[in-house]
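One letter stands for each residue in the lines below.
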Amino acid sequence: MSISYQKETGVFKLDTPNTSYILGIVDEEKFVGHIYYGRKLGNDDFRYLMRTGENPFVPSENGRDRNSFLDSFPMEYPGSGVGDYREGAIKVRTKQGHEGVLLLYKSHRIYPGKPELTGLPATWGTAAECDTLELILEDKVLGLEVTLVYTAFHQLDAITRSVKVKNAGKETIYLTKVMSAAFDMDNDREFEMLTMHGSWARERRLQRRTVGYGKQSCGSMRGESSHQEHPFLALLEKGANQKQGAVYGLNFVYSGNFLAQVEQSQFDSMRVMMGIHPENFCWELKMADTFQTPEVVMVYSNQGIGKMTRTYHDLYRNHLMRGEYKDKKRPILINNWEATYFDFNTEKLLDIAKEASKLGIEMLVMDDGWFGYRNDDNTSLGDWEVNESKIQGGLKHLVEEVNKMGLKFGIWFEPEMISPDSNLFREHPDWAIQMPNRTPSLARNQLVLDLSRPEIVNYIYEKVAKILRSANIEYVKWDMNRQLSDLGSFGLPAERQGELSHRYVLAVYEMQERLTKEFPHVLLENCSGGGARFDAGMLYYSPQIWCSDDTDAIERLSIQEGTSMIYPLSAIGAHVSDCPNHTVGRKTPFETRGYVALAGTFGYELDVTKIHQEDHDMIPTQVEMYHKYNDLVRAGDYYRIASYQENHEYDCYEVVAKDKSEVLITFIQVMGRANCHSRRIYLDGLDENQKYYIEGEDTVYLGSTLMYGGLQIENLWGDFRGKLIYLKAKVDKQAESDLKFFQS
Ligand code: GLA
């Protein structure tokens with residue numbers, strides 16, 4: 001068992017291979033305090049870490065100053081409104097309008113394995129892989145029962161948390177805030193907070209700032225995880241970098257509104273919390289009703305950011321992603337969006353497919369514009385019927401023709417949306433999210449369907465499924481191109497309007513669950529105006545997610561750096577597109593675009609019948625590279641060697657096979673350099689004693705040489721130039737003689 005409870009001290013200890021998470025029950029009232037999270041500890045009496053020795057400690061010893069205790073005690077899951085002035089993790093409003101919550105220990109359960117979270121994505125693990133603690137807290141005044149659920153993984157330094165709230169009282173209550181994870185810890189190491197921010201075409205740029213007094217947070221109130229901020233937060237001890245230092249990562253397995261916050265108090269403690277954003281959230285709990293929060297995945301590393309990254313990658317590849325494709329090489333696809341936008345028909349698509357098939361591309365994806373009368377982005381969302389004036393001969397015919405060329409076929413949908421100019425809207429104007437008497441704001445000239453209503457969910461699901469049943473469709477791109485506003489549902493009563501955003505996300509999950517069950521062989525790729533729904537929630541349903549509409553190789557370096565800090569490369573939708581790039585107008589070598597897209601699912605987003613001959617002719621080589629390296633890229637360990645975001649000159653990362661027998665290094669020289677020697681980079685993660693062949697150079701070096709002595713990379717001529725370096729462990733006799741300057 002990796003979780004223990006010591007009855008005499010009232011202390012719970014959760015262990016992973018290298019970390020411990022400790023909490024304890026104190027006083028006759030049974031407050032639950034956070035004791036410790038970090039490097040693995042042996043068994044001991046840890047209670048002093050809650051400052052139990054400092055008098056007066058608990059209210060039973062000094063009831064006169066109860067507030068002082070509540071406002072300074074390191075809480076494990078803080079309530080609100082009764083004397084702890086730091087922000088609480090949970091808020092409940094009674095029918096009388098009061099808002100106090102104080103949670104005290106009631107009971108607990110420890111068992112092997114991990115429970116599912118009904119209706120929500122979550123990491124999974126068997127009884128042999130993890131243990132779970134359910135800590136049941138109660139507020140007797142409210143009749144509220146709150147179960148904190150913790151799972152510790154045996155092989156990975158990951159602990160997951162979620163919360164179940166039950167109205168065990170006799171009156172209806174309103175849950176207005178419920179975080180999935182919270183804890184208090186001292187800021188005694190000048191902690192910094194690492195978060196991700198961005199915009200459309202600029203997703204997941206990293207931001208690092210010193211934690212200071214008061215609250216610092218990131219969050220989304222846009223109905224999706226968003227381009228703008230990301231459901232991730234890491235606390236880094238001062239000076240922590242890729243290779244060293246303490247790092248605490250929190251990632252939310254959810255695709256809707258979120259809040260990730262750190263609050264530093266007057267006594268220099270930090271209250272860390274993550275969960276559904278409380279803004280506009282209000283969930284009615286009638287007698288015996290329960291509410292299940294999504295899950296937070298916490299990863300601690302004492303070997304810097306890099307180790308945290310690799311733990312998330314392993315956890316998500318092995319305990320979050322599902323389905324046939326999760327560990328498989330994905331077909332190299334060509335998507336017609338940047339090739340044609342809305343201007344295409346059967347003939348054009350077949351032209352692209354024909355040319356693509358000659359070059360080794362394996363799937364054609366028909367993007368936006370094949371349905372209703374959608375020739376621009378102003379109409380037809382909701383009218384999921386094939387436009388046969390564009391798709392002459394029908395969809396089945398098109399797919400058959402594409403299949404005959406040896407290509408698979410994929411299709412784009414945006415199921416959650418409705419255009420005001422659509423038959424669906426003309427028939428059901430009340431199906432859009434909106435408030436009575438207020439014209440809802442358009443974005444990209446579209447509105448959002450009210451997915452809190454089951455009849456709408458069923459209607460849309462059936463429309464999508466009907467198309468998928470009608471032809472041999474092997475891939476779906478599920479898009480979502482605007483964020484939610486004007487939150488109002490004609491299907492919900494007044495006291496449940498605050499449930500809309502979360503119900504919306506639950507419905508998206510339900511639809512995708514249905515889709516993946518009914519079409520288990522279809523490869524699903526989520527997307528949202530590029531990468532606004534690249535999150536761990538979506539990863540549970542689709543093994544790949546479109547990372548950004550920005551396919552410029554240089555912009556992608558930063559976008560993919562942020563994304564790959566948590567998510568495995570096998571999930572990162574990355575394509576080679578045409579130049580000048582459609583988003584930034586930059587011209588980069590085709591070769592470099594290929595190198596950058598290789599650190600993802602790989603594909604093309606261009607008109608293969610029109611691009612420069614030279615670029616066209618390079619495709620078979622890129623296809624070959626993909627087949628050669630993708631097994632390694634998908635399953636290997638990721639090391640960030642240098643960051644263009646930080647140094648403004650070059651980017652470098654590495655994927656190392658689990659058995660350390662292969663290494664792929666990607667080096668991109670963003671800025672050309674004048675009058676310079678070669679650049680030295682220090683590799684990471686190699687086997688010190690292994691001899692590695694550098695492909696194409698016929699040189700062999702020891703792992704220790706390459707890691708500590710470094711690898712010299714010649715100065716490349718010009719901007720935006722790239723280089724792939726492939727190392728293979730040398731196992732045969734030849735190695736000895738090839739090894740330069742090596743004396744065994
Ligand atoms: C979004 C997607 C694009 C493309 C368009 C189609 O922006 O991110 O890849 O599918 O929608 O409208």
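Since the structure is predicted, the reported quantities are computational estimates derived from the model, not experimental observations.

1. Remarks on the pairing of strand 1 (residues 3-6)
In step 1: Sheet topology places strand 1 next to strand 2 (residues 11-15); four bridges connect them, and they run antiparallel. For Gln6, the partnering residue across the bridge sits in strand 2 and is Val11.
In step 2: Linking strand 1 back to strand 2 in an antiparallel pair, the connection comprises four residues, with Gly10 at a positive phi of about 70°.

2. Remarks on the sheet that holds strand 3 (residues 19-26)
In step 1: Pairing is antiparallel across the open sheet formed by four strands, whose spatial order is 1-2-3-4. Either end of the sheet is taken by a strand with one partner, and the two such strands are strand 1 and strand 4 (31-39). Within this sheet the neighbouring strands show an average axis-to-axis angle of 15°, counted without direction.

3. A few points about the packing of aromatic side chains
In step 1: On inspection of all chains with the given rule, the structure shows 39 aromatic pairs.
In step 2: One aromatic cluster is present, built from ring pairs that chain together Tyr21, Tyr37, Tyr150, Phe183, Phe191, Tyr248 and Tyr300.
In step 3: Seen from the ring of Tyr540, Arg322 lies directly overhead, with NZ or CZ sitting 3.6 Å from the centre.
In step 4: Residue placement shows Lys328 over the ring face of Tyr325; its charged tip is 5.0 Å from the ring centre.

4. Observations concerning the sheet that holds strand 39 (residues 721-729)
In step 1: In space, the six strands of this open sheet follow the order 32-33-34-39-36-37, with antiparallel pairing throughout. The two strands at the open ends of the sheet, each matched to only one other strand, are strand 32 (637-642) and strand 37 (699-702). This sheet shows a mean twist of 25° between the axes of neighbouring strands, independent of strand direction.
In step 2: Bridge analysis of strand 33 (residues 650-656) against strand 34 (residues 662-669) gives seven bridges, and the strand direction is antiparallel. Bridge pairing in strand 34 places Glu654 opposite Ile665.

5. Details of the pattern of salt bridges
In step 1: Considering all chains together, one arrives at 59 salt bridges under this definition.
In step 2: Across the pair Glu134 and Arg109 runs a salt bridge, and its minimum N-O distance is 3.7 Å. Of the two residues, Glu134 sits in strand 7 (residues 130-139) while Arg109 sits in strand 6 (residues 104-112), which places them 25 residues apart along the sequence.
In step 3: You can call Glu134 buried: its relative accessible area is 9%.

6. Side note on the domain arrangement of the protein chain
In step 1: Parsing the protein chain into structural domains produces domain 1 (3-186 + 249-296), domain 2 (333-635) and domain 3 (643-734).
In step 2: Taken over C-alpha atoms, the centre of domain 2 sits 35 Å from the centre of domain 3.
In step 3: Counting residues at the interface gives 20 residues for domain 2, matched by 22 residues for domain 3.
In step 4: Each partner contributes to the roughly 1800 Å² buried at the junction of domain 2 and domain 3, and carbon and sulfur atoms together form 68% of this total.
In step 5: When the buried area of domain 2 at its contact with domain 3 is split by residue, Leu557, Tyr595 and Leu632 rank highest and sum to 34% of it.
In step 6: Here domain 2 is connected to domain 3 by one salt bridge.
In step 7: Where Lys628 meets Glu695, a salt bridge forms, and the shortest distance between an N and an O atom there is 2.6 Å.
In step 8: Counting the contacts that link domain 2 with domain 3 gives four residue pairs in polar contact (both at pLDDT 80 or more).
In step 9: The set of elements that each furnish at least two residues to the side of domain 2 that touches domain 3 consists of helix 10 (553-564), helix 11 (590-597) and helix 12 (613-635).
In step 10: Residue contributions to the side of domain 2 that touches domain 3 peak at six residues, all from helix 12.
In step 11: Its residues placed into classes, the side of domain 2 that touches domain 3 shows 13 nonpolar, three polar and four charged.

What counts, and at which threshold
- Residues numbered from 1 in each chain as written.
- Predicted model: local features only at pLDDT ≥ 70, side-chain atom pairs only at ≥ 80, totals over all residues.
- Heavy atoms only, no water.
- Pairing = 2+ DSSP bridges.
- Helix = DSSP H or I, 4+ residues; strand = E, 2+ residues; numbered from the N terminus.
- Axes fitted to C-alpha atoms, helices over the stretch in contact; angles between N-to-C directions.
- Phe/Tyr/Trp six-rings, centres within 6.5 Å; stacked < 30°, edge-to-face > 60°.
- Lys NZ or Arg CZ within 6 Å of the ring centre and 35° of its normal.
- Salt bridge = Lys/Arg side-chain N within 4 Å of Asp/Glu carboxyl O.
- Buried < 20%, exposed > 50% of the residue type's maximum accessible area, 1.4 Å probe, protein only.
- Domains from an automatic or database assignment.
- Contact = heavy atoms within 4.5 Å.
- Buried area = accessible area lost by both parts, 1.4 Å probe.
- Polar contact = N/O pair within 3.5 Å; in protein donor to acceptor, adjacent residues only side chain to side chain.
- Nonpolar A, V, L, I, M, F, W, Y, C, P; charged D, E, K, R; others polar.

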